[in-house]
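What the coordinates show
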Amino acid sequence: MKKMRQLCLLMVLLAFAFLPAAAFADEAGIGVQLNGDALQFTDAAPVMEDNRVYVPFRAVFEALNADVAYDQASNTITAEKGDTKVSFVIGNTEITVNDNAVSTDAASFVRDGRTYVPVRFAAQSLGATVGWDSNSKTVVMLDKAALQESLKGQFTLMDKFMTYSEAYSKAPMAVKGTMKFDMKMADGSGEDAVMIPVSGDMVIDGINSAEVASMNMAMTLNLDELKAALEKAGEWTEEDETMMAQMKEFDMDVIMNVKTGKMYMKSELFGMADMDGNAWYMMDLNALLAETGMDLQALLEGANSGSYEDYMMALLDTMPVNDAAGCAVLMQTIEQYQDKNFQKSGNNYVSTIKDETEGVVSTMRMTLNMDGDKVIGYAQEMSVYMGTAPLMTVKAAQNGNDVTMDMSMNMEGMMTMNLSGDMTYSATTEKPQGAPASGETVIDLLQMANEELAKAAA
C-alpha cells in the first residue's frame, strides 16, 4: 500500500513535466563569479574575514574592465572605468568614488604580499550588482549596465522567432496531442533500493492563448511490471489491487494563468495520494519567483513586447544575484541567442553552446527554420553527459502547427525516464478557462507545504 501511495505522488509530480511549454565554487574554497563566469585566482585565493569576502584587488577590478594603479608612496589603489574613478588607502574603511567619500565597515589589508579588498564594495563602486550564494559559497556579480549596453541590436534573428511564435499565442488555439512515457524511481537507497516501474500514455486536449492555457490530460497506465515486482517481494495486498484498478485510467485538469501567475491542478489522483481528490491545488508562481528576487510580471511584459532584446533586458533587470547556477544559465542563454552565435546552415540558422565543468558536458542547440527572411519553425536540443553516459537529453521542434518532443533522464540508482509525443495546434473560437469555477475548493500548495514543515518542526 505504501508503494502505491508513493506512485500516486510520483504521478502528480510527473504531470508537471508534461505542461507545454554554469560556474560554481570549489567545495574547499570561496568562488567569485562575474556575469556567469568563474573568476580564476592564480596566486592568491579569496578569503572570508568577519563574514566578508575579500579578493586580490587587481583580479576583481581588471575583471570589471577597470584600469588599475597603485601609488606606493601614499599606499593608495585607484581603479578607473569610463567616467567612474574609485580610490582607497589600504587599511582604510573609506572609499572615494568620483571625489565623494563613502564609508564602509570593511577595510582592505595586505597578506602574504597580496592586497585584499572587500569584493562587495569594490564591485559595487564600479556599478556591478553583487550577491552571495551561500549554497555554493560563491560571490555573484552582474555588471548589468555593461551587459545591457553590449546586447543592443544583437537579437534580430530571435525577434523573427518571436514574430513566428506570436501567431500561436495572440488568438486562442486548440491543442491536441499524445504522449508516451516509461519511468522508474527508486524506493529506498543503496542495496535495499527497489525501482518502481510505470509506463503509460497520455492524451492532451486543451486551449492555449497568450495569457492562459487550460487542458485535460487523460492518462492510461501500464502497471503490470509494478504488480509483478510487488508480488515477487511479497508486498502485494488487496488494497493495492483496488488502488491499482483506480490508477489504470485517470484524468488531470490543468490551468496555467500567466497573467495572474497562478497554476491550478485537479485530479482524482490527489485523493489516492492522501490529498483531496475533489479540490484544485494551486501554485503561486509570483510568490515562488519573489522568493528568489525575480518579478514575474516584469518578465511577462518583456516577453510580450515583441522584442527578444526587451525580454533579455527584463531578465537581466530582475535576475537575483544570490544564485550562481541561475546566473550562469542566464548568461549561457544570452550567449546562445545573439546573432553572432547563429551560423547559416542551408536556409536555416543554428546556434550551439557547449560547456564542460568537472566532467559534466552540457550542449544546447537552437535551429531556426527559415523561408526567406521569415522563421517558419524551430528545433531545440539540450543534452547533459557525465563522461560518455547521458544524464539528460531533451528535444523539441515545431513546424507549422505540429510540435514534437522527446526527453530522457538517467539518474543512476535514483530515477530513469523516457517520454515522447506530439501535439497539434488549430484555430478555435473557444477561450481557455482562467481559474477554477466560483465555489470550487482551491488549496494553496505552498501554504500547505509550509504548514507541514511547521508541524514537522514542532
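Provided above is the structure to which this section pertains.
Below you will find a few notes about this structure. (Residues numbered from 1 in each chain as written. Predicted model: local features only at pLDDT ≥ 70, side-chain atom pairs only at ≥ 80, totals over all residues. Heavy atoms only, no water.)

**Remarks on the overall build of the protein**
Formally: Strands are runs of DSSP state E lasting at least 2 residues, helices are runs of H or I lasting at least 4, and numbering of each runs from the N terminus. Only protein chains enter the accessibility calculation, which uses a 1.4 Å probe; a residue is then buried when its area is under 20% of its type maximum, exposed when over 50%, and partly exposed in between. In this description, accessible areas are obtained by the Shrake-Rupley approach with a 1.4 Å probe, and a residue is regarded as covered only by the protein chains that are shown.
When helices and strands are counted, the protein shows 13 helices and 27 strands. Here the protein holds 458 residues, and the buried ones make up 43% of them. Within the structure as shown, the protein displays about 23500 Å² of accessible surface, and the carbon and sulfur contribution to it stands at 49%.

**Description of the side chain of Ser-307**
Worth spelling out the cut-off: Between N or O atoms, a polar contact is any pair within 3.5 Å; within protein, one atom must be a potential hydrogen donor and the other a potential acceptor, and residues adjacent in sequence are included only when both atoms are from side chains.
Residue placement: Ser-307 occurs in the loop between α10 (296-303) and α11 (308-318). Of the residues examined, Ser-307 reaches a relative accessible area of 16% and is grouped as buried. In terms of polar contacts, Ser-307 uses its side chain to reach the backbone amide nitrogen of Asp-310, at 3.2 Å.

**Here we look at the environment of Met-244**
Relative to the elements of secondary structure, Met-244 occurs in helix α7 (residues 238-247). Taking the C-alpha atoms as reference points, Met-244 and Leu-221, 23 residues apart in sequence, are found 9.4 Å from one another.

**Focus on the pairing of strand β11 (residues 114-118)**
Both faces of the sheet carry side chains from a regular strand, because those side chains alternate between them. Here is the rule we go by: By this definition, two strands are paired if DSSP reports at least two bridges between them.
Of all five residues making up β11, four are buried, and the element is well covered by its neighbours. Where strand β4 (residues 52-56) and β11 come together, three bridges link them in antiparallel fashion. Considered in β11, the bridge of Val-55 is made with Val-117. With three bridges connecting them, strand β10 (residues 109-111) and β11 associate as antiparallel partners. Looking at the pairing, Phe-109 lines up with Tyr-116 of β11.

**Structural notes on the sheet that holds strand β6 (residues 76-81)**
For clarity, the threshold we go by: Axis geometry follows a simple rule: fit a line to the C-alpha atoms, using only the stretch in contact for helices, then measure angles between N-to-C directions, giving values from 0 to 180 degrees.
The five strands lie next to each other as β5-β6-β7-β8-β9, forming an open sheet whose pairing is antiparallel. Strand pairing shows two members of the sheet lacking a second neighbour, β5 (67-71) and β9 (100-103), which therefore form its edges. The average angle at which neighbouring strand axes cross in this sheet is 20°, direction not considered. In the sheet, β6 pairs with strand β7 (residues 84-89) via six bridges, with the strands oriented antiparallel. Among the inter-strand pairings, Lys-81 is bridged to a residue of β7, identified as Thr-84.

**As for the sheet that holds strand β2 (residues 37-38)**
Put simply, the rule is: Any pair of residues with heavy atoms lying within 4.5 Å of one another is described as a contacting pair.
Taking strand neighbours across the sheet as the criterion, the four strands line up as β2-β1-β13-β12 in an open arrangement whose pairing is mixed. A strand with exactly one partner marks an edge of an open sheet, and here the two such strands are β2 and β12 (129-133). For strand β1 (residues 31-34) and strand β13 (residues 138-142), the ladder comprises four bridges, and the chain directions are parallel. Residue pairing across strands places Gln-33 opposite Val-140, the latter belonging to β13. Packing against the sheet, helix α12 (residues 324-336) makes contact with β1, β12 and β13, and its axis sits at approximately 35° to β13.

**Concerning α12**
How we decide: Any helix carries an expected span of 1.5 Å times its number of residues minus one.
Relative to the 18 Å expected for 13 residues at 1.5 Å per residue, α12 spans 18 Å between its end C-alpha atoms, a close match to the ideal helical length. Counted residue by residue, α12 has ten buried out of 13 residues, so it is predominantly covered. Measuring from the backbone nitrogen of Ala-325 back to the side-chain oxygen at the start of α12 gives 3.2 Å, which picks out Asp-323 as the cap.

**Some remarks on the pairing of β13**
Within β13, five of the five residues are buried, leaving the element largely enclosed by the surrounding structure. What you see with β13 is no split at all: Thr-138, Val-140 and Leu-142 on one side and Val-139 and Met-141 on the other are buried throughout. Turn length for the β12-β13 hairpin, with the two strands adjacent in sequence and antiparallel, is four residues, and the turn residue Lys-137 shows positive phi of about 50°.

**Focus: the packing of aromatic side chains**
Which entries qualify depends on this criterion: For this analysis, a ring pair means two rings from Phe, Tyr or Trp (six-membered ring only for Trp) whose centres lie within 6.5 Å, classed as stacked if their planes differ by under 30 degrees, edge-to-face if by over 60, and tilted for the remaining angles.
In total, this model carries nine aromatic pairs according to the counting rule given. Taken together, a centroid distance of 4.9 Å and an interplanar angle of 55° make the contact between Tyr-54 and Phe-109 tilted. Placement of the pair is Tyr-54 in strand β4 and Phe-109 in strand β10, with a sequence separation of 55 residues. Across this residue pair, the class does not change: Tyr-54 and Phe-109 are buried. Here the aromatic rings of Phe-61 and Phe-88 are separated by 6.3 Å at their centres, their planes lie at 40°, and the arrangement is tilted. A residue pair is termed long-range when its members are at least 10 positions apart, and Phe-61 in helix α2 (residues 57-63) and Phe-88 in strand β7 qualify at 27 residues. Exposure class is identical for Phe-61 and Phe-88. Each is buried.

**Re the pattern of salt bridges**
The condition that has to hold: Salt bridges, as used here, are contacts in which a Lys or Arg side-chain nitrogen is within 4 Å of a carboxyl oxygen on Asp or Glu.
Taken as a whole and assessed by the stated rule, the structure comprises ten salt bridges. Lys-180 serves as the salt-bridge partner of Asp-201, at 2.9 Å between the closest nitrogen and oxygen. Placement of the pair is Asp-201 in strand β15 (residues 194-208) and Lys-180 in strand β14 (residues 173-187), with a sequence separation of 21 residues.

**Some thoughts on unusual backbone geometry**
One non-glycine residue, Asn-75, adopts positive backbone phi at about 60°. The exposure class of Asn-75 is partly exposed, given its relative accessible area of 29%. Of note, the phi angle at Lys-137 is positive, near 50°, even though the residue is not glycine. Its location among the elements puts Lys-137 in the loop between β12 and β13.

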